[in-house]
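Structural overview for review
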Amino acid sequence: MTLNKGTLFDPVLVTDLVNKVQGESSIAKLAKQTPIPFNGQKEFIFTMDSEIDVVAESGKKSHGGMSLAPRTIVPIKIEYGARVSDEFMFAEKEARIGILKAFNDGFAKKAARGLDLMSFHGVNPRTGTASTVIGDNHFDEAISQAVEAPLGVADANGVIEDAIALVQGSGGDITGQAIAPALRTALAKQKDQQGNPMFPELAWGNAPATINGLPTEVNKTVSDMSDDALGYIGDFQNGFKWGYAKQIPLKVIEYGDPDNSGFDLQGYNQVYIRAELFLGWGILDPESFARITEATS
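The present account deals with the structure reproduced in this document. (Residues numbered from 1 in each chain as written. Predicted model: local features only at pLDDT ≥ 70, side-chain atom pairs only at ≥ 80, totals over all residues. Heavy atoms only, no water.)

1. What about the overall build of the protein?
Assigned secondary structure in the protein consists of six helices and 16 strands. Counting only residues that meet the buried cut, the protein has 42% of its 297 residues in that class. Counting contacts in the protein only where the partners sit at least 6 residues apart, residues at least 24 apart contribute 76% of the total. When the accessible surface of the protein is totalled, it reaches about 15,900 Å², and 50% of it is carbon and sulfur. (Helix = DSSP H or I, 4+ residues; strand = E, 2+ residues; numbered from the N terminus. Buried < 20%, exposed > 50% of the residue type's maximum accessible area, 1.4 Å probe, protein only. Contact = heavy atoms within 4.5 Å. Areas by Shrake-Rupley, 256 points an atom, 1.4 Å probe, with all protein chains shown as cover.)

See below:
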């Protein structure tokens, strides 16, 4: 249990962490997860350009055509660290395991939220500003199809239908949507011609797993750290992939100032626990998605 030279999360903690990430992240719930090697992996998107051809007996066959577009998914490193009293180093084994489990729980929640914020908005979650490491590999930049909702989202149902029409008009399928709480509230207030709620299952803050049969995730990460995002809809099952590298380094650092706070660990009787996770994602087919944004004026 002396981890100052660095070790790895044990398999149980890794499994627990990933399960928690999948439970908290809208992206992880809606999209396929696949292991990502440290040096990345290349996905190939095949497109058959024509329909199948009917050929008469002894008839001539024609060229159908196929296009191939590569998409590379490269994992990026995320980290989280925290200072604890150096009593951690001298505590009984059960107490140290308890601290690591608590750290694991917190790290999983932060990683889940971070996956959404990075892949939706391209930001460094800690600073809230655009990340040069992520670049254009995020929904707000890669997806050009968008529907602008009126200020206050007056017709939420119509906005979602318009976004669906954009995706289907580009030949894409709809397998899920991630929406902001403001859009959920707008849907909850929608009335039919008789004045009855169109979506009674959304009353009083409820957020069901499906709306009208469509898998739906309501999450603050859709709108947090964004000026206008209200939702993303499209083919999360086939048009987007994410994954993690299985090795999750964990260190307990006893010396120095590893978080650049200006306070020496030994001088304050502290140790520093740091975990690193390598996450990668890729928008394989941008035209299989549409963004829902709110008008700013």
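On we go from here.
2. As for the packing of aromatic side chains
Taken as a whole and judged by the stated rule, the model has nine aromatic pairs. Both rings, one in Phe139 and one in Tyr232, keep their centres 5.4 Å apart while their planes meet at 65°; by these two values the pair is edge-to-face. With Phe139 in helix H4 (residues 139-142) and Tyr232 in strand E12 (residues 229-234), this residue pair connects regions lying 93 residues apart in the sequence. Measuring from ring centre to ring centre gives 5.4 Å for Phe139 and Phe240, while their planes differ by 35°; the resulting arrangement is tilted. You can see Phe139 sitting in helix H4 and its partner Phe240 sitting in strand E13 (residues 240-244), a full 101 residues away along the chain. Overall, Phe139 belongs to the buried group, its relative accessible area being 0%. (Phe/Tyr/Trp six-rings, centres within 6.5 Å; stacked < 30°, edge-to-face > 60°.)

3. Remarks on the sheet that holds strand E8 (residues 146-149)
Reading across from one edge, E8-E16-E12-E9-E11-E10 is the order of the six strands in this open sheet, with mixed pairing throughout. Strands at the two margins of the open sheet, each flanked by one partner only, are E8 and strand E10 (210-211). Bridge count for E12 against strand E16 (residues 289-294) is five bridges, and the pairing is antiparallel. The residue of E16 that forms the bridge with Ala229 is Thr293. Against the sheet, helix H5 (residues 156-169) touches E8, strand E9 (176-179), E12 and E16, its axis set at about 150° to E16. (Pairing = 2+ DSSP bridges. Axes fitted to C-alpha atoms, helices over the stretch in contact; angles between N-to-C directions.)

4. Some points on unusual backbone geometry
Backbone geometry at Asn212 places phi at a positive 55°, although glycine is not the residue there. For Asn212, the position within the fold is in the loop between E10 and strand E11 (214-218). Although it is not a glycine, Met225 adopts a positive phi angle of roughly 60°. Inspection of the secondary structure puts Met225 in the loop between E11 and E12. Relative accessible area serves as the criterion here: at 34%, Met225 is assigned to the partly exposed category.

5. Remarks on the packing of H5 against helix H6 (residues 181-189)
Orientation of H5 relative to H6, taken along the N-to-C sense of each, is 115°, at an axis distance of 8 Å. Between H5 and H6, the residues in contact are Ala156, Asn157 and Ile160 and Leu183, Ala186 and Leu187, respectively. For the contact of H5 with H6, the per-class residue count stands at five nonpolar, one polar and no charged. (Nonpolar A, V, L, I, M, F, W, Y, C, P; charged D, E, K, R; others polar.)

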